[in-house]
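Tertiary structure, described
Chain by chain, the residues:
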Amino acid sequence: MSAPRPDATDPGPVELHARNVTFDWTGTPLHWIPGHPVASNFISVLNLLLPEGERWFVATYNEALPLVADDELAATMRGFIGQEAMHAEAHDHVLWEFLDSNGIDPRPFQQQMEWIFRKLVGPMDGGTPEARRKHLIERLWLIAALEHYTAILGDFALNSTWFDIGADPRMADLFTWHGAEEVEHRAVAHDVAVYFGDSYLRRGRAMLLVLPMLLSLIHRGYRYVMINDPTVSHNWFARRREYRRGVRAGVLPRMTDVVLASFSYFRPGFHPDEIGSTAQAVAYLASSPAARNAD
């Protein structure tokens, strides 16, 4: 099954809702993209990063939701919260039922993620109501900046060649389902941050913080998985060569393109709706085995 390609049919605004997906990871190989062990490991790194990050999204939005007077925005936020909570749960299962069972112990890396998202960028303890609200707004803009990249990666997932080259259908569906929902709700975090504090300075500052943090975490996670993969022994040059081969095959995003996409975020009139295709995302969600079984 290939992900549907973009078309000109725009379904317009869609109502966000969580899809209660489940996956059976029995028998899924560590190198789930045939012939591409490095690409498999690189994409699998997201399973280490996503659960704690998305729990942080949910906790921050639950903190912000009572302060929203716009009923339509509040309803959209509740849909976003439901989807992100489901993402965290789905990837959390991968940690223990896939990575751990394949010899990659996620515990040391998970402890680092817990510290980052629960302590470093967690809610403010104490302080005045004004200071706590300011801190909340800064976190909402950090989430908006992160969602810029999840939308870009979601669009990549929808247009990857995973299904075409015979990748494990469950893992390919996990990431493509997740990517489709990221494209589906790509504007929510931006719209929420604007509602609480529309500021070009805040937007730019958040991106300048998020980009190096995200690249660092991806690099650390990738290095951690490669070091602990008992079946692959590639030096740095071999890993670079294999990564470029994965890009050419359409199973990996070109990271320079992801980084260069940051510049669009700084354009004053930018809006996340410019990324990806809602029609393509909705079409995949209608055909995704996991999403169909959840309905």
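One structure accompanies this document, and this report is about it. (Residues numbered from 1 in each chain as written. Predicted model: local features only at pLDDT ≥ 70, side-chain atom pairs only at ≥ 80, totals over all residues. Heavy atoms only, no water.)

A word on the overall build of the protein. The secondary structure content of the protein amounts to 12 helices and zero strands. Reading the protein from its N end, one meets helices and strands in the order α-α-α-α-α-α-α-α-α-α-α-α. In terms of overall dimensions, the protein is globule-like: its C-alpha atoms have a radius of gyration of 19 Å, near the 19 Å expected for 295 residues. Counting only C-alpha atoms, the protein reaches 55 × 45 × 35 Å along its principal axes. Looking at the protein residue by residue over its 295 residues, the buried ones come to 53%. (Helix = DSSP H or I, 4+ residues; strand = E, 2+ residues; numbered from the N terminus. Rg over C-alpha atoms; globule rule 2.2 N^0.38 Å. Buried < 20%, exposed > 50% of the residue type's maximum accessible area, 1.4 Å probe, protein only.)

Turning our attention to the packing of aromatic side chains. Under the definition given, this model contains 18 aromatic pairs. When the ring of phenylalanine 156 is compared with that of tryptophan 162, the centres are 5.9 Å apart and the planes differ by 80°; the resulting orientation is edge-to-face. Seen from the ring of tyrosine 265, arginine 203 lies directly overhead, with NZ or CZ sitting 5.7 Å from the centre. (Phe/Tyr/Trp six-rings, centres within 6.5 Å; stacked < 30°, edge-to-face > 60°. Lys NZ or Arg CZ within 6 Å of the ring centre and 35° of its normal.)

Another aspect to go through is helix H1 (residues 37–64). With 28 residues, H1 extends 41 Å between its outermost C-alpha atoms, agreeing within 8% with the 40 Å of an ideal straight helix rising 1.5 Å per residue. Most of H1 sits inside the fold, with 23 of its 28 residues counted as buried. (Expected span 1.5 Å × (residues − 1).)

We now examine the pattern of salt bridges. For the structure shown, the criterion picks out 14 salt bridges. A salt bridge links arginine 55 to glutamate 52, with the nearest nitrogen and oxygen atoms 3.0 Å apart. One end of the pair, arginine 55, and the other, glutamate 52, are both in helix H1, three residues apart, so they sit about a helical turn from each other. Note on arginine 55: relative accessible area 31%, which makes it partly exposed. Here glutamate 138 and arginine 202 are joined by a salt bridge, their closest N and O atoms 3.2 Å apart. Within this pair, whereas glutamate 138 is found in helix H4 (residues 129–158), its partner arginine 202 is found in helix H7 (residues 200–228), the two being separated by 64 residues in sequence. (Salt bridge = Lys/Arg side-chain N within 4 Å of Asp/Glu carboxyl O.)

Glancing now at a positive patch on the surface. Taken together, the side chains of Arg240, Arg241, Arg244 and Arg248 present a region of like positive charge at the surface. Arginine 241 sits in the partly exposed class, given a relative accessible area of 47%. (Patch = residues over 30% accessible without salt bridge, like charges linked within 9 Å, V, L, I, M, F, W, Y side chains within 5 Å. Areas by Shrake-Rupley, 256 points an atom, 1.4 Å probe, with all protein chains shown as cover. Lys, Arg positive; Asp, Glu negative; His and termini not counted. Charge placed at Lys NZ, Arg CZ, Asp CG, Glu CD.)

To continue, consider the nonpolar core. The biggest cluster of nonpolar side chains holds 94 residues, and the ones touching the most others in it are Trp32, Tyr61, Trp162, Leu174 and Trp177. Residue contributions to this core peak at 15 residues, all from H4. Contact partners of tyrosine 61, with chain neighbours within four places excluded, come to Met77, Phe80, Ile81, Leu140, Ile143, Val188, Ala189 and Val192. (Core = buried A, V, L, I, M, F, W, Y, C linked by side-chain atoms within 4.5 Å. Contact = heavy atoms within 4.5 Å.)

Moving on to the side chain of aspartate 173. The residue aspartate 173 is located in helix H5 (residues 169–184) in this model. One buried charged residue, aspartate 173, forms no salt bridge at all, with the nearest opposite charge on arginine 170 at 9.3 Å. Once you skip the residues sitting within four places of it in the chain, aspartate 173 turns out to touch Phe23, Phe163, His178, Tyr284, Ser288, Pro289 and Ala290.

Here we take up the packing of H4 against H5. The interhelical angle for the contact between H4 and H5, taken along N-to-C directions, is 130°, at an axis separation of 7 Å. Here H5 runs oblique to H4, going by the angle between their axes. Seen from above, H4 lies across H5 with left-handed handedness. Across the interface between the two elements, Glu147, Thr150, Ala151, Gly154, Asp155, Ala157 and Leu158 from H4 touch Phe175, Thr176, Gly179, Ala180, Glu182 and Val183 from H5. Residue classes in the contact of H4 with H5 are distributed as six nonpolar, four polar and three charged. (Axes fitted to C-alpha atoms, helices over the stretch in contact; angles between N-to-C directions. Parallel < 35°, antiparallel > 145°, perpendicular 65-115°, else oblique. Left-handed = near helix turned anticlockwise from the far one by under 90°. Nonpolar A, V, L, I, M, F, W, Y, C, P; charged D, E, K, R; others polar.)

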